[in-house]
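Structure assessment
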Amino acid sequence: MDVDGMAAAILAGDRRALARGITLIESARPDHREQAVTLISALRGAGRQALRLGLSGTPGVGKSTFIEAFGMKLADQGKRIAVLAVDPSSARSGGSILGDKTRMEQLSRHPNAYIRPSPSQAHMGGVARRSREAVALCEAAGFDLVLIETVGVGQSETMVAEICDIFILLMAPAGGDELQGVKRGIMEMADMILVNKADGELLTTATRTVADYAGALRLLRKRAQDPQGFPKAMPVSAYSGAGLDRAWDEISGLADWRREHGHWALRRADQAAHWFREEVRHGLLSVLEREPARGIFQRLAVNVAAGEASPEAAARQMLASLGRG
Ligand code: GDP
């Protein structure tokens, strides 16, 4: 299938074309990359936008169970939902733990849902850049909601926050000590904190944890792009389904508010600028990996290591050799 045919099929909602398109953008081959860029440009014209929802949480907090329950609820209401995983561990193993077939079993069979495991890429930056493009493809394919899931291990959250419209942290009921271990930067990224497992024996702890997070969130500066009460903390139970409707009401309410007040478009514009810089940075680095720059780069690196040139002087020389000094 040529790129135009693929674009038309994706716009028509063809799942196989979507899957092939995502495989194309994940490919490292230069000719594939060129086709991928053409494909993304062709799809942009349709101007379709989904709600991009980022979801992060440490392993075991209940992400798969939550996405299954939350996704089924929305899919049953007729919403079309795509789930993409950004999994930094796949960078190490070369495979994807999030791609495990047994995860989200019901949702993966729902006609309104599409689940795509994490790409296996050499490094986190690559995974994030390609995930962002995969989101664009899902939007073009007509999904209402694109959920981008990531394991909370630091770097990946920052990248997912640069992709999504609304960022959610999924947390487990916890004592005060664990709460203090949550990094401020991660709290600041969150639009909502959902405390999962608010059921059975854990209900009391969960209620207290919600209050603790709500208190912590109030201490952070309120952002101009948010209505009263945000960022907020809420209890949910992926098991019992408690709180899921309310969580969706809050999420869609926040999305509507930001759209109406222009913050939605501003955030997307900032993100586009960010990814433009990232692409250029990446492109420049790959120039250094090719001859003749590679030879000069390696020679200068040896000089620096041997103490024959300062890092600053060598860097200037490198840039000058590229004609950009
Ligand atoms: P993930 O690693 O974040 O994807 O977490 P999983 O979805 O695999 O869930 C981790 C564990 O927590 C599993 O044993 C789940 O059965 C359990 N779990 C998930 N959601 C809930 C919930 O709402 N309530 C309770 N009590 N347990 C849950």
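Residues numbered from 1 in each chain as written. Predicted model: local features only at pLDDT ≥ 70, side-chain atom pairs only at ≥ 80, totals over all residues. Heavy atoms only, no water.

Notes on the overall build of the chain
Scanning the chain from terminus to terminus reveals 15 helices and seven strands. Burial status across the chain gives 46% buried among its 325 residues. Of the contacts formed within the chain by residues at least 6 apart in sequence, a portion of 75% connects residues at least 24 apart. (Helix = DSSP H or I, 4+ residues; strand = E, 2+ residues; numbered from the N terminus. Buried < 20%, exposed > 50% of the residue type's maximum accessible area, 1.4 Å probe, protein only. Contact = heavy atoms within 4.5 Å.)

Quick word on the side chain of Ser237
Tracing the backbone shows Ser237 in the loop between strand E7 (232–235) and helix H12 (244–260). Separated by 3.3 Å, the side chain of Ser237 and the backbone nitrogen of Tyr239 make a polar contact. Those residues in contact with Ser237, other than ones at most four positions away along the chain, are Asn196, Lys197, Ala198, Asp199, Ala242 and Leu244. (Polar contact = N/O pair within 3.5 Å; in protein donor to acceptor, adjacent residues only side chain to side chain.)

Some thoughts on the pattern of salt bridges
The final tally for this structure, using the stated rule, is 15 salt bridges. In this structure, the salt-bridge partner of Asp165 is Arg268, at a minimum N-O distance of 2.8 Å. Here Asp165, found in the loop between helix H8 (155–161) and strand E5 (166–171), pairs with Arg268, found in helix H13 (residues 263–288); they are 103 residues apart in sequence, far enough to count as distant. With a closest N to O distance of 2.7 Å, Arg258 and Asp226 form a salt bridge. Here Asp226 lies in the loop between helix H11 (203–219) and E7 and Arg258 lies in helix H12, a separation of 32 residues in the sequence. (Salt bridge = Lys/Arg side-chain N within 4 Å of Asp/Glu carboxyl O.)

Digging into a nonpolar patch on the surface
A cluster of nonpolar side chains, contributed by Phe276, Val280 and Leu284, occupies part of the molecular surface with about 280 Å² of accessible area. Along the chain, Phe276 turns up in helix H13. (Patch = residues over 30% accessible without salt bridge, like charges linked within 9 Å, V, L, I, M, F, W, Y side chains within 5 Å. Areas by Shrake-Rupley, 256 points an atom, 1.4 Å probe, with all protein chains shown as cover.)

Quick word on the sheet that holds strand E1 (residues 51–57)
Pairing between the strands of a sheet is mediated by backbone hydrogen bonds and can be parallel or antiparallel. Sheet architecture is open: seven strands sit in the order E3-E2-E4-E1-E5-E6-E7, paired in parallel fashion. For this open sheet the edge positions go to strand E3 (113–116) and E7, each flanked by a neighbour on one side alone. Taking each pair of neighbouring strands and ignoring which way they run, the sheet shows an average axis angle of 20 degrees. Running at roughly 175 degrees to strand E4 (residues 145–151), helix H4 (residues 63–76) makes contact with E1, strand E2 (81–86), E4, E5 and strand E6 (192–195) of the sheet. (Pairing = 2+ DSSP bridges. Axes fitted to C-alpha atoms, helices over the stretch in contact; angles between N-to-C directions.)

Some remarks on H11
Between its first and last C-alpha atoms H11 spans 25 Å; for 17 residues at 1.5 Å apiece the expected length is 24 Å, and the two agree. For H11, the complete set of buried residues consists of Ala206, Thr209, Val210, Tyr213, Ala214 and Leu217. One side of H11 holds all its buried residues, which, seen down the axis, span an arc of 140 degrees. Structural note: H11 exposes Thr204, Arg208, Arg218 and Leu219 on the side pointing more than 90 degrees away from its buried face. (Expected span 1.5 Å × (residues − 1). Arc of directions from axis to C-beta.)

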